[in-house]
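# Notes for the structure review
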Amino acid sequence: FEMGKDGYDRVDKKKKKGKEDINDLKKELDMDWHKIPWDELCSRLETDTNKGLTQSKYEEVFKREGPNRLTPPKTTPEWVKFCKQLFGGFSTLLWIGAILCFFAYGVQTTKFVEPPKDNIYLGVVLTFVVVVTGIFAYYQEAKSAAIMDSFKKMVPREATVIRDGKTSVINAELLTLGDLVELKGGDKVPADVRIVSCSSFKVDNSSLTGESEPQSRGPECTEDNPIETKNLAFFSTNAVEGTARAVVVSCGDNTVMGRIASLASSLSNDVTPIAIELEHFIHIISAVAVFLGVVFFFLSLILKYEWLEAVVFLIGIIVANVPEGLLATVTVCLTLTAKRMAKKNCLVKNLEAVETLGSTSTICSDKTGTLTQNRMTVAHVWFDEKIWECDTVPDQKNRNFNYGDPTCAALIRVASLCNRAVFLADQEEKSVLSRDCQGDASESALLKCVELVLKDEASSDTITFRENHKKVVEIPFNSTNKYQVSVHELPDKSQNLLVMKGAPERILQRCNSIMLNGEVVDMPEDSEYRKKFNDAYETLGGMGERVLGFCHCLLDVEKYPIGYAFDNEEVNFPLEGFTFVGLMAMIDPPRAGVPGAVAKCKSAGIKVIMVTGDHPITAEAIAKNVGIISTTSKTVECIAKEKGVIVEELSDDDKKAANAAVVHGSKLKEMEEHDIDQLLVNHEYVPPYLGPCLVLFICSLFLSLLISFSSFISPGKSSLPVLHPSRS
């Protein structure tokens, strides 16, 4: 990728053909479209934010930039695919055998008036086997490819564009840089665009960032990172609600999605394990056949046979060593397996991939919903400097804290209000912990916890509690801020209450006081309470629990009276100076069969890697629970804790003694290739998740450095580009 004169990373299609630069996978997106003033942007693109491009300018730019579509990877012509099935690999040996049979028959016709027809029959049979199995394998793969192609053509993409001040609907492929487009809820964003103006416009960025919540967009630049700023919307993401007018700043291969696709398609297609084994087998069989044939040829000459008969011996021995049924057997077995997988909604694009899946040497797995049940339950809470237990089993009370405690009441209030999860209807007969919810797993766990407390100790429920605290404004959670905040009116309508939850360290940063036994106590940077917070955080995380922090603030009545017009786009209310209330720790139990499956993988020599967005402490605990990090393995952090020192003070010998690692993605991107190689080979490894490029980077390292096959298991959309190199 190179920086173009228009300020965006451009794909250099001529650079390093057939040779990947693995460090490209660690690069952040480099662009400045979201930061430059509108005057400069319009000058660069020679466009207008009211009228769009002129028709003549559009034609000039379109001619230079080309269609707005991703360049498809190079495809192999169908006749070449058919010839590869017909003449490639083991088929070559069978063809040689058939030709030798015909040659032997030809030799025999020169000697005998009525030559035996054994060789001609065998030659025909070999030819028949090769042709039939070749056609069968080609048909199976062509059918799968046709299904994949049909998915691409199901919905033609259209875009509403303004040119010369006139609005029209066109094929999205006809867009170009500088075009002014209009977007509305339900549309697919046709290119990377910068927002000019909008009304309640939200997009689904889950395919890029993994965020399940729709993200609001606006005309203002809010972050230096282009992925997180609110004034950009990206190609192939979906507009969820609202309307917007935007200028196209990048098309086709130069979009963010185009960059990911280019990285994925640039990785080389390595030879599959079954192809390697068959090639090795062919070499052995060929060597044995030729050796035996030559030996019998010379023995025939020594025993005074005529040279024509000696040649027939030579050919007969060579053909006899060719296993004619092997190709048909392999093809039929792979096809039957592919059909069985198809019945389970798994489409096999390449027959060899069936066997390749069984040759996996490394599995990179997502955590939530894959290794775990994705049914979070609040197990512990921390407030008033103590860790308390919660109810985790239906109809069994383990809770040892009291809602009458003012700090506990404040924590329950924040957890109830700063929460978008709701119970599904008609579940009153079920126990609270068994009810199904609408919302993500973490918020559903919080909802069940507060519902139990309110029901048992306040004779109320979450719905009533929320109705009494009317929501005024909300800022949804996003991966950059790592917090969710909302403002509510108190039941007596006297004051507005701000509540916030999120990553504990981020919440603590925004607090200058803490609630203890119902009283607010100052908490400066060097406060002992911050150390107690860290101790509690490490304790809960060490139990494999996901921890969230909670805080609140009663807003000043004079500055923010009832009826104040709060704005969540251009935030006009405080986001710091709050009172820290407490922590809630949730556990997502491993799936019942996961520890056993991990153990089987390890016994088969398969390395299992967990990729998660959790805090490293939590990630390590979960990895130990499911057996990814064995009980006898130690990380450098464990060794440092045992010795009572920090990691930096450990000796080189101590660091080498560590045989497990939990590495943050930001550190991974800074590491040298040799160090990463050693890490992957010698450690049980758990990295956090940082999006498709980093996952692609991890799999690429295994594919290129360890020369082994990697599978990636993840339900998330953001991992889809990885499926290309891993063939899983």
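Residues numbered from 1 in each chain as written. Predicted model: local features only at pLDDT ≥ 70, side-chain atom pairs only at ≥ 80, totals over all residues. Heavy atoms only, no water.

## Describing the overall build of the protein chain
- Within the protein chain, the regular secondary structure consists of 24 helices and 25 strands.
- Expressed as a percentage of its 728 residues, the buried residues of the protein chain come to 46%.
- Within the protein chain, residue pairs in contact and separated by at least 24 positions form 69% of the contacts whose partners lie at least 6 positions apart.
- Carbon and sulfur atoms make up 56% of the accessible area of the protein chain, which amounts to about 36000 Å² in all. (Helix = DSSP H or I, 4+ residues; strand = E, 2+ residues; numbered from the N terminus. Buried < 20%, exposed > 50% of the residue type's maximum accessible area, 1.4 Å probe, protein only. Contact = heavy atoms within 4.5 Å. Areas by Shrake-Rupley, 256 points an atom, 1.4 Å probe, with all protein chains shown as cover.)

## A closer look at the packing of aromatic side chains
- For the coordinates displayed, the defined rule picks out 13 aromatic pairs.
- Ring geometry for Phe-297 against Phe-298: centres 5.5 Å apart, planes inclined by 75°, an arrangement best described as edge-to-face.
- Looking at Phe-298, the relative accessible area reads 48%, which means it is partly exposed.
- Here Tyr-564 and Phe-566 contribute two aromatic rings whose centre-to-centre distance is 4.7 Å and whose plane-to-plane angle is 75°, an arrangement assigned as edge-to-face. (Phe/Tyr/Trp six-rings, centres within 6.5 Å; stacked < 30°, edge-to-face > 60°.)

## Some words on the environment of Leu-180
- Of note, Leu-180 is situated in strand E5 (residues 180-184).
- Each C-alpha atom, one on Leu-180 and one on Thr-167, is 9.4 Å from the other, the two residues being 13 residues apart in sequence.
- Apart from the residues within four sequence positions on either side, Leu-180 is in contact with Asp-48, Thr-49, Asn-50, Lys-51, Gly-52, Thr-160, Val-161, Ile-162, Val-196, Arg-245, Ala-246 and Val-247.

## Quick look at a positive patch on the surface
- On the surface, a cluster of positive charge is made up of Lys-339, Arg-340, Lys-343 and Lys-344.
- Structurally, the position occupied by Lys-344 is in the loop between helix H10 (326-343) and helix H11 (351-357). (Patch = residues over 30% accessible without salt bridge, like charges linked within 9 Å, V, L, I, M, F, W, Y side chains within 5 Å. Salt bridge = Lys/Arg side-chain N within 4 Å of Asp/Glu carboxyl O. Lys, Arg positive; Asp, Glu negative; His and termini not counted. Charge placed at Lys NZ, Arg CZ, Asp CG, Glu CD.)

## As for the packing of helix H16 (residues 528-542) against helix H18 (residues 616-626)
- Close contact between H16 and H18 brings their axes to 7 Å; oriented N to C, the two are set at 25°. What the angle tells us is that H16 and H18 run roughly parallel. Contacts between H16 and H18 involve Glu-538, Gly-541 and Gly-542 from the former and Ile-617, Thr-618 and Ala-621 from the latter.
- Tallied by class, the residues present in the contact of H16 with H18 amount to two nonpolar, three polar and one charged. (Axes fitted to C-alpha atoms, helices over the stretch in contact; angles between N-to-C directions. Parallel < 35°, antiparallel > 145°, perpendicular 65-115°, else oblique. Nonpolar A, V, L, I, M, F, W, Y, C, P; charged D, E, K, R; others polar.)

## Some details on the packing of helix H12 (residues 406-417) against helix H13 (residues 441-457)
- Between H12 and H13, the least distance of the axes is 9 Å, while the angle of their chain directions is 130°. One way to sum up the angle between H12 and H13 is to call them oblique. Crossing geometry of H12 relative to H13 is assigned as left-handed. Of H13, the residues touching H12 (which contributes Ile-412, Ala-415 and Ser-416) are Val-450, Val-453 and Leu-454.
- Its residues assigned to classes, the contact of H12 with H13 shows five nonpolar, one polar and no charged. (Left-handed = near helix turned anticlockwise from the far one by under 90°.)

## With respect to H18
- For H18, the full list of buried residues reads Thr-618, Ala-619, Glu-620, Ala-621, Ile-622, Ala-623 and Val-626.
- Among the residues trailing H18, Gly-627 stands out with phi positive, at a value near 90°.

## Some details on the nonpolar core
- Within the largest apolar cluster, 39 residues are counted, with the highest numbers of intra-cluster contacts made by Trp-33, Leu-41, Leu-45, Val-181, Val-193 and Phe-201.
- Elements that contribute at least two residues to this core include exactly helix H1 (38-45), strand E3 (158-163), E5, strand E6 (192-204), strand E8 (232-233), strand E9 (238-250) and helix H7 (256-266).
- Tallying contributions element by element places E9 first for this core, with six residues.
- The residues touching Leu-41, leaving out its near neighbours within four places in the chain, are Trp-33, Ile-36, Arg-194, Val-247 and Val-249.
- Listed in part, the 33 residues of the second largest apolar core include Ala-410, Val-453, Leu-548 and Met-586. (Core = buried A, V, L, I, M, F, W, Y, C linked by side-chain atoms within 4.5 Å.)

## What about the state of the cysteines?
- Within this structure, the stated rule accounts for zero disulfides.
- Its sulfur unpaired, Cys-449 is 4.4 Å from the next cysteine sulfur, which belongs to Cys-390.
- You can call Cys-449 buried: its relative accessible area is 8%. (Disulfide = S-S within 2.5 Å.)

## Concerning the environment of Ile-514
- Its location among the elements puts Ile-514 in strand E18 (residues 511-516).
- With relative accessibility at 3%, the residue Ile-514 sits in the buried group.
- Placed 107 residues apart in sequence, Ile-514 and Thr-407 show a C-alpha to C-alpha distance of 9.8 Å.

## Considering the confidence of the model for the protein chain
- Taken over all residues, the pLDDT of the protein chain has a mean of 79, while the share at 70 or more is 80%.
- Low pLDDT, under 50, characterises residues 1-22; the stretch is placed with 54 contacts to residues that sit more than four places away or in other chains.
- Contacts from residues 705-728, a stretch scored under 50 in pLDDT, to residues over four places away or in other chains number 81 contacts. (pLDDT = per-residue confidence, 0-100.)

## Description of the side chain of Thr-47
- Tracing the sequence through the fold places Thr-47 in the loop between H1 and helix H2 (55-65).
- Residue classification places Thr-47 among the buried positions, given a relative accessible area of 10%.
- Leave out the neighbours within four places in its chain, and Thr-47 touches Cys-42, Gly-52, Leu-53, Gly-178 and Val-247.

## Focus on the environment of Thr-229
- Relative to the elements of secondary structure, Thr-229 occurs in the loop between strand E7 (215-216) and E8.
- What makes Thr-229 buried here is its relative accessible area of 0%.
- The sequence separation of Thr-229 and Lys-35 amounts to 194 residues, and the corresponding C-alpha distance is 9.4 Å.
- Thr-229 has contacts with His-34, Arg-217, Glu-220, Cys-221, Thr-222 and Glu-223, leaving out every residue within four places of it along the chain.

## Some words on H12
- An ideal rise of 1.5 Å per residue puts 16 Å on 12 residues; H12 measures up with 16 Å between its terminal C-alpha atoms.
- For H12, the set of buried residues is Thr-407, Cys-408, Ala-410, Leu-411, Ile-412, Arg-413, Val-414, Ala-415, Ser-416 and Leu-417.
- The opening residue of H12 is Asp-405, an N-cap whose side-chain oxygen sits 2.9 Å from the backbone nitrogen of Thr-407. (Expected span 1.5 Å × (residues − 1). Polar contact = N/O pair within 3.5 Å; in protein donor to acceptor, adjacent residues only side chain to side chain.)

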